[in-house]
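# Descriptive structure summary
If you want the building blocks of each chain, they are given just below.
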Amino acid sequence: VQLVESGGGLVQPGGSLRLSCAASGFTFSSYAMSWYRQAPGKVRELVAGISSAGGSTNYADSVKGRFTISRDNAKNTVYLQMNSLKPEDTAVYYCHAYIRRTDYWGQGTQVTVSS
């Protein structure tokens, strides 16, 4: 299993970024996927999740209405569209899959929201 995130960077408050996670090594379309984030000195937290077919999503209260998770099962990729970014969104963002009782994580991508 391999999860590779991309799309992070430095953005001003109010700006947007789209994160991507390219997955390989498993039947992507059979598994739910999630995005987590971890800010310095804080525990890793769930940001958003999406069901295997993409029909069901869930979000942390702190990002509802601003972030959108989606997936393209033909491309084995899950996305996180982040709009109206705030300084408190600054964190390392991780792609996650739970497969056969095992947690898999990507290497993370840094998102920094600052003027």
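Heads up: these notes are all about the structure in this document. (Residues numbered from 1 in each chain as written. Predicted model: local features only at pLDDT ≥ 70, side-chain atom pairs only at ≥ 80, totals over all residues. Heavy atoms only, no water.)

Take the pattern of salt bridges next. For the structure shown, the criterion picks out four salt bridges. R37 is the partner of E45 in a salt bridge, and the nearest nitrogen-oxygen pair spans 2.7 Å. With a relative accessible area of 34%, E45 lands in the partly exposed category. When the shortest N-O distance is used, the salt bridge between R37 and D89 registers 2.9 Å. In this pair, R37 is assigned in strand β4 (residues 33–38) and D89 in the loop between β8 (77–82) and β9 (91–99), connecting sequence segments 52 residues apart. Residue classification places R37 among the buried residues on the basis of a relative accessible area of 6%. Through salt bridges with shared partners, a single network forms among R37, E45, R66 and D89. (Salt bridge = Lys/Arg side-chain N within 4 Å of Asp/Glu carboxyl O. Buried < 20%, exposed > 50% of the residue type's maximum accessible area, 1.4 Å probe, protein only. Helix = DSSP H or I, 4+ residues; strand = E, 2+ residues; numbered from the N terminus.)

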